[in-house]
Amino acid sequence: MCFKKKIKLYFSDSPGALKRRLRSYKQVFVVYDENLAPWLPKLNLEGKRAFSIVATEENKNIKTAYEVCKWLLEQGADRDAVVVAVGGGVTTDIAGFAAGIYKRGIRYANVPTSLVGQVDAGIGGKTGVNVSSFKNMIGLIKQPEFTWICPALLETLPEKDFLSGSAELLKTFILEDRTAYEEAVDLLSASNRKPDAYGKLIEEAARIKARVVGKDEKENGLRRVLNLGHTYGHAIEWYQHVHGEEAPLTHGEAVAVGIIKAAGLSEKRGYAAAGLEAKLRDDFHRCGLPVDCPCPEEALEEAVSKDKKAEGGKINFVFIEKIGKVRIAKL
Ligand code: GLY
């Protein structure tokens, strides 16, 4: 039997409209990335209690989640309260996790302010914190009340973060929408980064993600497609972290290189027609994304073999058959 989970998304052109969306909640507690303090007033949340966190990977730990819970307790948050997470993926992961454990679980909503957050991390209910350098080792799958997506919030997003999100946007379209993929490549390569130009594509990508998660919330099958590019992407991130790389690729950039790698392997296996890797390389390059592996191939293969061993010899890998269609097979 297949149970579908309803994943609620709201889209808005106006940051100030969030207030209306929150009207029906009696107790609202905002947890936000401290970097967003200067423009938090745009969200029109005056009168709401708010707590800032340092939203870095280093700070994404159980201590920060505990601080959020302690603040909720001090503020008298009861079981009807809702936590509103305002920030990128790190913030929504920590705040969603804290909400998930506070008083054995209260509600939370996501207001992602990064492109990665709006098309991926803020949707689907994966919450959690890191354990030293091991990412998301403690966490819960807990769906937010809703994810509120306002592309106008991206106006001040730094270029590097925008690029990181672009890779997740392209990834999502490679899974199932060739037309949107080509449209996204055209926009990105034309450097037309106005949120109004992107609004439609962000909405389309967010809906694809919500649909996939709705069919397989716990990642027993279909949801795994969202990991396209992540096997090698994570290996790159791991390598750069271990070697103290001064200017490491962002998550999205590492995923972009991982997608190119997946395309090459798909051709080798005969799952994809020749030319797929070359086309993706050309498209990604035009979009300003990296396409070449920044570290020695042998080191990556070693990291991937470690993952394989940990999974009992083989891992589920997302191959690309063509743009708009992927398949999962053992690597
Ligand atoms: N970011 C992949 C997922 O939510 O499953």
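Keep in mind that this is a model prediction, so the values were computed, not measured. For every chain, the first residue of its written sequence is number 1, and the numbers climb from 1 along that sequence. Owing to the predicted nature of the model, reporting of local features is limited to residues with pLDDT of at least 70; listing and counting of side-chain atom pairs is limited to 80 or more, with chain, interface and lining totals taken over all residues. The side-chain numbers reported here are obtained from all heavy atoms of the structure, hydrogens and water having been left aside.

Novice: Give me the lowdown on the packing of aromatic side chains, citing residues and values where you can.
Specialist: Ring pairs are drawn from Phe, Tyr and Trp, using the six-membered ring of Trp, whenever the two centres fall within 6.5 Å, and their geometry is named by plane angle: stacked under 30 degrees, edge-to-face over 60, tilted for the rest. Applying the stated criterion across every chain, the model contains 8 aromatic pairs. For the pair Tyr-10 and Phe-146, a centre-to-centre distance of 5.4 Å together with 65 degrees between the ring planes defines the contact as edge-to-face. With Tyr-10 in strand β1 (residues 9-11) and Phe-146 in the loop between β7 (134-141) and β8 (147-149), this residue pair connects regions lying 136 residues apart in the sequence. Tyr-10 gets classed as partly exposed once you look at its relative accessible area, which sits at 22%. Judged by relative accessible area, Phe-146 falls into the buried class, the value being 2%. Judged by centre distance (6.1 Å) and plane angle (80 degrees), the ring pair of Tyr-232 and Phe-317 falls under edge-to-face. Linking Tyr-232 in helix α8 (residues 230-242) with Phe-317 in strand β9 (residues 316-322), this pair joins segments that are 85 residues apart in sequence. Comparing Tyr-232 with Phe-317, the two get one shared label, buried. Elements are defined by DSSP. Helices are runs of H or I of four residues or more, strands are runs of E of two residues or more, and each kind is numbered from the N terminus. Buried residues are those whose accessible area, probed at 1.4 Å on protein chains only, stays under 20% of the maximum for their type, while exposed residues exceed 50% and partly exposed ones sit between those limits.

Novice: How would you sum up a nonpolar patch on the surface? Please name residues and give values.
Specialist: Each patch is built from salt-bridge-free residues with over 30% relative accessible area, joining like charges within 9 Å and nonpolar side chains (Val, Leu, Ile, Met, Phe, Trp, Tyr) within 5 Å. Accessible surface area values rest on a Shrake-Rupley calculation with a 1.4 Å probe, where residue burial reflects the displayed protein chains alone. Counted as salt bridges are all cases of a side-chain nitrogen of Lys or Arg within 4 Å of a carboxyl oxygen of Asp or Glu. Together, Ile-62, Val-131, Phe-134, Met-137 and Ile-138 make up an exposed nonpolar region whose accessible area comes to about 460 Å². At 3 residues, β7 tops the list of elements feeding residues into the nonpolar patch. As for its placement among the helices and strands, Phe-134 is situated in strand β7. The class of Phe-134 is exposed, set by a relative accessible area of 52%.

Novice: An account of the site of the ligand is needed here, citing residue identities and associated values.
Specialist: Neighbouring residues are identified by heavy atoms, a residue being near a molecule or strand if any of them is within 4 Å of it. The immediate surroundings of the ligand are formed by Asp-120, Lys-126, Lys-209, Glu-219, Arg-223 and Leu-226. N or O atoms within 3.5 Å of each other form a polar contact, as long as, within protein, one can give a hydrogen and the other can take it, and as long as residues adjacent in sequence are counted only when both atoms are side-chain atoms. The side chain of Lys-126 places a nitrogen or oxygen atom 2.9 Å from an oxygen atom of the ligand. A distance of 2.6 Å is found between an oxygen atom of the ligand and a side-chain nitrogen or oxygen belonging to Lys-209.

Novice: An account of the nonpolar core is requested, with residue identities and associated values reported.
Specialist: Of all hydrophobic cores here, the largest spans 69 residues; its most connected members are Leu-170, Phe-173, Tyr-181, Leu-228, Leu-280, Phe-284 and Ile-320. In what follows, a contact means two residues having at least one pair of non-hydrogen atoms within 4.5 Å. If near-sequence neighbours (up to four positions away) are discounted, Leu-170 is found in contact with Tyr-181, Ala-184, Val-185, Leu-188, Phe-284, Cys-287 and Leu-289. What we call a nonpolar core is a set of buried Ala, Val, Leu, Ile, Met, Phe, Trp, Tyr and Cys residues that are connected through their side-chain atoms within 4.5 Å. In this structure, Phe-29, Trp-71, Ala-77 and Ala-99 belong to the second largest nonpolar core, which totals 22 residues.

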